[in-house]
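# Structural characterization, general
One letter stands for each residue in the lines below.
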Amino acid sequence: MMDLNMFGADLPYNMYIQEEESKVNDGWNFDLEDYLAPHSQVPHPWNRQTAGESHLDMDFILVAEFSELEGPREVLTIPRGGSSNFNITDFSVRIMSLDHQTTTKQGFHLIEDSQVTFSEIKDSVFAFVHHFALYDRHARGYVRPFAISYITPDSRKLLQFYEEISQQMKKVVRYLKYGNKLVFKNSLEMHLMDLHYTKAEMLLRMRSRKSSHQVSDEDVCYKNLRTLEANITETQNVLHTIKLSLVDKKLEHRFARLEEKAKIETPRVKSDSWSLQEWEEIEATYSVSSVSGSYDGSSLSDNTTGWTLFPDTRYYRPKTVKISSGRQFDIHLQGLHELCSWGHREGMQKLRHLYQFFKRDMAVLQVESNDKTFMDPGPSALYFGEDCIGVNLLTGVDKKCMGCHCLQADIPGLLFNKCSSIESLSFKSAASSFRSVNDDDAESMKSAISATGSPIVNFGLYNENDVPNTFELEKDNIDLYSNNEFIRHLTFKIQQLDIDISKDEPMGPIENAEDRTTIDNVKKFVESFGDGNKERSLDDVEKLEEGNGAISEMVVSTSTLLGEDFEERSSGTSDHEDFTCECDLSDVETEGMRDRLHTLTAENVGQLEYEKEAKNEKEAGSITIAPETEKTSVLAQSIKNESMLERDSEGMTSYDLIRLNIENLIPVDFDSPEQESTLFPSNPDNNSPDADNLACGFGILHIMTKYASIKHVIYSILIGRSVIVVGTPDLEGEVKNIVNALKIFLTSYHRNHKSFIPWTKCLPSLYKMTDLKLVGVCRPERKPFDRFIPSAIKKLCTVFDVKRREIFCPVYQGYYLSLLDNRVRNYKMEEMLTTLIKSIMVEISSKAFIYFHSFCIGPAGVGRQDYKFLQQQSSSFQRRVSNFMAKIGVHDSDAHIIEFLCETIKQQLIQDHFQTRASVSHMPERPLATHNDLCCQMMKC
Amino acid sequence: MSMWQKLWRKGDQQKDEDKEVVEEIEGEETCNPYTELYFLQHHSDIVRHLLVIDDRRCVSAGDDGVVVVWDTQLCMKLSFFEAHSRPITCMLSIDGKNKDSNLLITGSSDKHIKVWNIDQGKCVQDITEHGTSVKCLLPVLENMFVSAGEQLHLWGEDGALLDTFPLDKQEADISLLISTNLKNERFVTACDKELTVYSIKDLLDLNETSYRICQDKRLPEHLEAVRALVPVSDKLFASGSLDGTILLWSSETFTPLKKLNTMADYKGKANMYPYSVQYIACENQKYLLAAIGCGFALFDTVSNTLLCRKVKAHYSKVTQLTFVCDGLLLATCSEDGSIRLWGQKSHNPGEQLAVKASMGLSPIERFLDINFGQLHHSKSPDHFPEPVLLGECLGHCGSVMRIVDQGLEGMFSCGGDHLVIAWKNSELQKMKRNQVIQEKVLNPSVIV
């Protein structure tokens, strides 16, 4: 019973603890040299705090309560224990003595929050206090006053960041209060049922007793009944007021989701050692009798779901309550986590983030806030997918640094996306920005001090939490591709550092490749960096394939095919187990390093295979790949350089070698389905949730090779025409993959509004197509295609029927996408293709740049009102556009693309303009182009 | 093949013969100028009314009781009034006292009439004395208005009730109101099948003027309920009914002058009334554009001839029609959710339209591709070919209730899918955006 009780009430709490625990464990748990491991505390040169002078040596957050039993008391502090030499109790008395409840209204009413700053110059203690009230059925006047204070010795912090702290506090309290209101409502509802039940029972008893004619007894009964009646009315009134205020459906859904999630996850009863002080306190006083009121044993034992924020009251069995006119004040009052349920979990999490963010030195915060503007790309930047900026049209350059996006481009995407939550308040916004986590804070975070920018800054400052997070992912075996990507980024970084490779480094053990984690490899790789000869070949390749994924570069620099093998390869055998590699190094002395490099790459591949194995539980065959590759890499050492030279003389370009090599290392045989899973690790059949988390543009090579007419679909995306990918339920995986791959072309990839949906059960309304540009839709098997897609959708959107392999879209006739289409066959490595795509996008964008500056804001911007009629104006403008396009060498369909890209920028600029103008409360709607002038065709692909 | 199947087949074939094929448009639409659309969302129920206030603003109202003021140039919401608790049945835009403010009067089935100041975005007056569901509103005399439902009420400028005219016990409410002369003192009401003429008399009692509604005449009944009532000129008004008849009445003698479009079997299959008149619009004080069944027709009231018609223009009944692009195109909207653009066939459509547009012609002339001189001399009504479908605007996913033309700003439509859609020309919008960027965004000094 007790356990059940605990689980029920403290479910949200337990969840939080679990999360905490995982955070504690992660860290740099592999052996790095001290100097390589980032320090948890980076000492900064501007430390203003002079120890000893102040009573307070650090910032902390105090949650205090005015308890009706004990008076002002602290509830919890963040960090635990608060500041060492600071009298918290004394302080709580002081802040709670500021009575903020100034209303004189009678009866129950909702209490407004208030925020005050509090300063004690003598002790140099400054606090920002947010007073709020939570509702408790057992409390006096149903109200429990609470206050959250941010206490700091630096007064400037409060002054400078008043707005931000205030905003964040409000958000924390919003969670707490809303959770509390829901709990309170439930509690009242149950209480009301109890009261009604008691009343009914009492009436029944009275009726049966009527025969006995005991006047005095009857008197008591009537009195009781009156009290009961009064109680019912009161409860009803309070319930009514509370229900009226429960309007935040978004938050309610969020809590419901959390609860849903918690129910699915098997509840593990945690040991109490993780808890905060309040937890312990509750634990100590917890007893069956203390949980009086409506959540007593009887209700719980009947109800298997236990205590929940969203109970089904139908299953609640009411019970009799003791009738007393006055309220009892000797019962145990619920703790904060009981009062707020999921609100507590969310709120505390936010509060922690808030603390972690603001505890840093003023200077750091200031620098970050200044840097933020540079990290936030201006509205004049043109995006493709999530990480490609085609061009910055350089409007408002004086206001914002134009170079900002360069910085962003260098940051490994994965790290950027999965930055630690601890260091930055903006974690959620950063994560959701590209992953579209359903976080309602994404928008509001704009006001926070470190919006998108800070993760990068944080990475530099405190990266101890960032990388482990990534490893945590790996540990959980979430996605071997993120793993792969991580390595890619890491190695990429290493390469960027221009590190010399030492030649006298002893060879590392390579036998037990399977046992080693990739991290170890990286570590080894890192260790081996010292001084030595710069590897020439590596540099050469870098020049060749600059900007490509690191794996490809590594592979290229380490191993090439033997002549004979090459023959075989070209004849079509692509079994990767039997190939032999050779070293293409001219410098024999670097062989050791070479091998090391190879080991790394080979192991990566092995690891990939291995993990794929673990995931898909396939036959044991491919497990042997990893050691096999190892052997070949050892073999590679022994082979001399002559063959390499030979091939060169044969006119074989190094580029071809690269390609062929990659072909062998990463098997990309699209015809065989079992190989396909290498590209798509998530099996399409098992409704993989991973597909949503894949990197933008992942699988583009596959899609472009598989579907012949895909360039027309890409064209549709690039002229702003929404693309609807329709598939039957069995094609869910394929549709998701297509959407994910084509995402790379989306120009409206924005964190605040989602411009794509990988898979949805019903067709979105047409008006949503102004935002949604790429949608995967499930078509029920029995519904024919033509009836499933309404004519309006067919007219305004491009429809891609995956089942019948048909596309209905405007035909592309132009240069750029044909170029892309023609080159796809040359690529076997996705990294290269994405790079090509990006380069083509940049090229198109550069044309858009010219068009924008020389035409749009040039002569075409001058309003021409000389024509009275719409058609005349329209056709004269069209003529001028096509003339200009011809001048800059853009023809046919490409002109439409460039026009659309320019319009996107214009809309972004106008939107930004309206956003910054505070006086306007509404925004102009975004248009949807109909493309009447383009002829749509049905095409097979 | 069994006998039954044969019979079935035959029936099918007959059905096909009956059904005239609705024209479809395939491929590119070079004549369709509406290449960009904006979805204006706010309403939560059917949007039934659209009213143009000025060249920058229009107002929409619907069954959700909300009135929304839209900026037609930027396509954004300016303000909204949660006006009524029941559907809004009628709207009326009048000038305020000082002529510098726009007033909007809304009537609703919640029995309220409310007066709004659009510029300030607030309710000026809430009139509750109407007592019954308000069905229609009409401005009369100077700054007065009449409201009708179960009764007729005359309201003063400041919303004071001047007179009430109790109607006889009858089943239906007054559904349509028009004024028939320039001074607006005489008006016609349509109540089910019946038309009645009323006038407002001012009685001079000592110093005070009081107004009174008087019933002048009851007109002969239509066969079915009157669906459309429109003033044509000073001397003429027209009424259309469910049975497809359009009657022309003299505004002076109030006698029927001419019967247009009479149908023998007007009820059609399963009482669907396939020829019902849903809407009549008047052009140049003599041409009538009528939405009849699933098609439309253009009549000349002077020569009493049918100029041109399209029997099957839509899959479902046409709800409204209007000239757009200065008469180059005729837009029809229908319950099938589409707006269709009609014009004359030409070999080089884009070019032709541009040339036609440049000449100083009236919409009718442009639409028929003939000037009035020629028009008057032409004898045969079948001189004009059937209009051709030049474009289709698909965007609504429910029936389209109203369309209004906003000139260079394009066309606005509202419908049963709770949306107001702005149909614009993308080239013009591109130009406008260029202008906005140059003037506002790139020139910070202009930023307010």
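Remember, predicted model here, so these are calculated numbers, not experimental data.

So, about the overall build of chain B. Of the regular secondary structure elements, chain B holds 5 helices and 32 strands. Among the 448 residues that make up chain B, the fraction classed as buried is 55%. In chain B, of all internal contacts separated by at least 6 residues, the share reaching a separation of at least 24 is 47%. Within the structure as shown, chain B displays about 19,800 Å² of accessible surface, and the carbon and sulfur contribution to it stands at 49%.

This part covers the overall build of chain A. Scanning chain A from terminus to terminus reveals 36 helices and 16 strands. Within chain A, buried positions represent 56% of all 941 residues. Across chain A, every contact between residues at least 6 apart in sequence was considered, and the portion connecting residues at least 24 apart equals 77%.

This next bit is on the sheet that holds strand β22 (residues 277–283) of chain B. All names here are of chain B. Overall, antiparallel pairing links the 4 strands, which are arranged β22-β23-β24-β25 in an open sheet. Looking at which strands have only one partner, the edges of the open sheet turn out to be β22 and β25 (305–310). Averaged over all pairs of adjacent strands, the angle between their axes in this sheet comes to 20°, without regard to strand direction. Bridge count between strand β24 (residues 295–300) and β25: 5 bridges; the pairing is antiparallel. Bridging across to β25, Phe-296 finds its partner in Lys-310.

Time to look at the packing of aromatic side chains. All names here are of chain A. Within the structure shown, the criterion is met by 23 aromatic pairs over all chains. An aromatic cluster is defined as three or more aromatic residues linked by ring pairs; in this entry it consists of Tyr-150, Phe-161, Phe-357 and Phe-358. Cation over ring: Arg-174 sits above Tyr-175, and NZ or CZ is 5.8 Å from the ring centre. When the ring centre of Phe-357 is taken as origin, the NZ or CZ atom of Arg-360, which lies over that ring, is 4.7 Å away.

Residues and elements named next belong to chain B. Following the sequence through the fold, Lys-317 ends up in the loop between β25 and β26 (318–324). Through-space distance from the C-alpha of Lys-317 to that of Ser-399 is 9.5 Å; in sequence the pair is 82 residues apart. Setting aside anything within four residues of it in sequence, one finds Lys-317 in contact with Met-272, Tyr-273, Ser-276, Gln-278, Gly-293, Cys-294, Cys-333, Ser-334 and Glu-335.

The next subject is the packing of helix α29 (residues 710–718) of chain A against helix α33 (residues 816–823) of chain A. Residue and element names in this part refer to chain A. Between α29 and α33, the shortest axis-to-axis distance is 10 Å and the interhelical angle comes to 140°. Once α29 is placed against α33, the crossing between them reads as right-handed. Residues Lys-711, Ile-714, Tyr-715 and Leu-718 of α29 lie in contact with α33, whose contacting residues are Leu-817, Ser-818, Leu-820 and Asp-821. Residue classes in the contact of α29 with α33 are distributed as 5 nonpolar, 1 polar and 2 charged.

Mapped onto the present numbering, the UniProt feature "repeat: WD" (unreviewed entry) falls on residues 98–126, 219–259 and 311–342 of chain B. In residues 311–342 of chain B, helix accounts for 0% and strand for 56%; the two terminal C-alpha atoms are 13 Å from one another.

To continue, consider the nonpolar core. All names here are of chain A. Among the nonpolar cores identified, the biggest contains 79 residues, and Leu-742, Phe-745, Phe-800, Leu-820, Leu-833 and Tyr-851 are the most heavily contacted of them. Top element by residues in this core is helix α34 (residues 830–856). It accounts for 12 residues. Apart from residues lying up to four places away in sequence, Leu-742 is in contact with Ile-700, Ile-710, Val-713, Ile-714, Ile-717 and Leu-774.

Residues and elements named next belong to chain B. Of the pairings in the sheet, the one linking strand β2 (residues 47–52) to strand β3 (residues 57–62) comprises 5 bridges and is antiparallel in character. Bridging across to β3, Leu-50 finds its partner in Ser-60. Here β2 hands over to β3 after 4 residues, the two strands then running antiparallel side by side.

This part takes up the packing of α34(A) against helix α36 (residues 892–916) of chain A. Residue and element names in this part refer to chain A. In the contact formed by α34 and α36, the axes pass within 9 Å of each other and the chain directions differ by 65°. As summarised for this structure, α34 and α36 are arranged roughly perpendicular, according to the angle between their axes. Here α34 and α36 pass one another in a crossing that is right-handed. Contact residues: Ile-844, Lys-847, Ala-848, Tyr-851, Phe-852 and Cys-856 in α34; Ile-897, Ile-898, Glu-899, Leu-901, Cys-902, Ile-905, Lys-906 and Leu-909 in α36.

Each partner contributes residues to the interface: chain A has 52 residues there, and chain B has 50 residues. In total, chain A and chain B occlude about 4,700 Å² of area from one another, counting both sides; carbon and sulfur atoms represent 65% of this. For the interface between chain A and chain B, the tally reads 3 salt bridges. A salt bridge links Glu899(A) to Lys430(B); its shortest N-O distance comes to 2.6 Å. One can count 15 residue pairs in polar contact (both at pLDDT 80 or more) joining chain A with chain B. At the level of secondary structure, the elements contributing two or more residues to the side of chain A that touches chain B comprise α32 (791–796), α34, α35 (870–887), α36 and β15 (927–929) of chain A. Of the residues contributing to the side of chain A that touches chain B, the split by class is 23 nonpolar, 18 polar and 11 charged. Strand direction decides the pairing type here: β15(A) and strand β1 (residues 36–41) of chain B, joined by 3 bridges, are antiparallel. Residue pairing in the sheet places Leu928(A) in a bridge with Leu37(B) of β1(B).

Residue and element names in this part refer to chain A. Per-residue pLDDT for chain A has a mean of 65; in total, 52% of the residues score no lower than 70. In the predicted structure, residues 1–9 sits below a pLDDT of 50 and forms 14 contacts with residues beyond four places in sequence or in another chain. In the predicted structure, residues 397–692 sits below a pLDDT of 50 and forms 472 contacts with residues beyond four places in sequence or in another chain.

All names here are of chain B. Here 4 strands make up an open sheet; going across it, the order is β2-β3-β4-β5 and the pairing antiparallel. Lying at the two open borders of the sheet, with one neighbouring strand each, are β2 and β5 (76–82). The average undirected angle you get between the axes of adjacent strands in this sheet is 20°. Here β3 runs beside strand β4 (residues 66–71); their pairing, made up of 5 bridges, is antiparallel. Bridge pairing in β4 places Cys-58 opposite Trp-70.

All right, on to unusual backbone geometry then. Omega for the bond connecting Ile78(A) with Pro79(A) falls within 30 degrees of zero, at -5°, which places this linkage in the cis form. Counting through the fold element by element, Pro79(A) comes out in the loop between β2 (71–78) and α2 (88–96). In the Ramachandran plot, Ser341(A) falls in the positive-phi region, its phi being about 50° despite a non-glycine side chain. With respect to the helices, strands and loops of the structure, Ser341(A) is situated in the loop between α9 (336–340) and α10 (342–358). In this structure Ser341(A) comes out as buried when scored by relative accessible area, which is 0%. You will see that His418(B), though not glycine, has its phi angle at about 70°, which is positive. Here His418(B) lies in the loop between β31 (411–415) and β32 (419–424). For His418(B), a relative accessible area of 30% gives the class partly exposed.

So, about the pattern of salt bridges. Going through the model one piece at a time under the given rule, you end up with 42 salt bridges over all chains. Between Arg174(A) and Asp248(A) there is a salt bridge, and its shortest N-O distance comes to 3.1 Å. Of this pair, Arg174(A) sits in helix α4 (residues 162–209) while Asp248(A) sits in the loop between α5 (215–245) and α6 (249–264), and the two are 74 residues apart along the sequence. A salt bridge links Glu23(B) to Lys310(B); its shortest N-O distance comes to 2.6 Å. One end of the pair, Glu23(B), is in the loop between α1 (3–18) and β1; the other, Lys310(B), is in strand β25, with 287 residues separating them in the sequence. Residue Lys310(B) is classed as buried on the basis of its relative accessible area of 8%. Linked by salt bridges that have partners in common, Glu65(A), Arg73(A), Asp136(A) and Arg144(A) make up one network.

Let us now look at the environment of Gln125(B). Residues and elements named next belong to chain B. Residue placement: Gln-125 occurs in strand β9 (residues 122–127). We classify Gln-125 as partly exposed; its relative accessible area is 26%. Taking the C-alpha atoms as reference points, Gln-125 and Ile-113, separated by 12 residues in sequence, lie 8.2 Å from one another. Excluding residues within four positions of it along the chain, Gln-125 makes contact with Ile-113, Lys-114, Val-115, Asp-158 and Gly-159.

Definitions and cut-offs
- Residues numbered from 1 in each chain as written.
- Chains lettered and ligands numbered in written order.
- Predicted model: local features only at pLDDT ≥ 70, side-chain atom pairs only at ≥ 80, totals over all residues.
- Heavy atoms only, no water.
- Helix = DSSP H or I, 4+ residues; strand = E, 2+ residues; numbered from the N terminus.
- Buried < 20%, exposed > 50% of the residue type's maximum accessible area, 1.4 Å probe, protein only.
- Contact = heavy atoms within 4.5 Å.
- Areas by Shrake-Rupley, 256 points an atom, 1.4 Å probe, with all protein chains shown as cover.
- Pairing = 2+ DSSP bridges.
- Axes fitted to C-alpha atoms, helices over the stretch in contact; angles between N-to-C directions.
- Phe/Tyr/Trp six-rings, centres within 6.5 Å; stacked < 30°, edge-to-face > 60°.
- Lys NZ or Arg CZ within 6 Å of the ring centre and 35° of its normal.
- Left-handed = near helix turned anticlockwise from the far one by under 90°.
- Nonpolar A, V, L, I, M, F, W, Y, C, P; charged D, E, K, R; others polar.
- UniProt positions renumbered as here; feature names shortened; annotations may be inferred.
- Core = buried A, V, L, I, M, F, W, Y, C linked by side-chain atoms within 4.5 Å.
- Parallel < 35°, antiparallel > 145°, perpendicular 65-115°, else oblique.
- Buried area = accessible area lost by both parts, 1.4 Å probe.
- Salt bridge = Lys/Arg side-chain N within 4 Å of Asp/Glu carboxyl O.
- Polar contact = N/O pair within 3.5 Å; in protein donor to acceptor, adjacent residues only side chain to side chain.
- pLDDT = per-residue confidence, 0-100.

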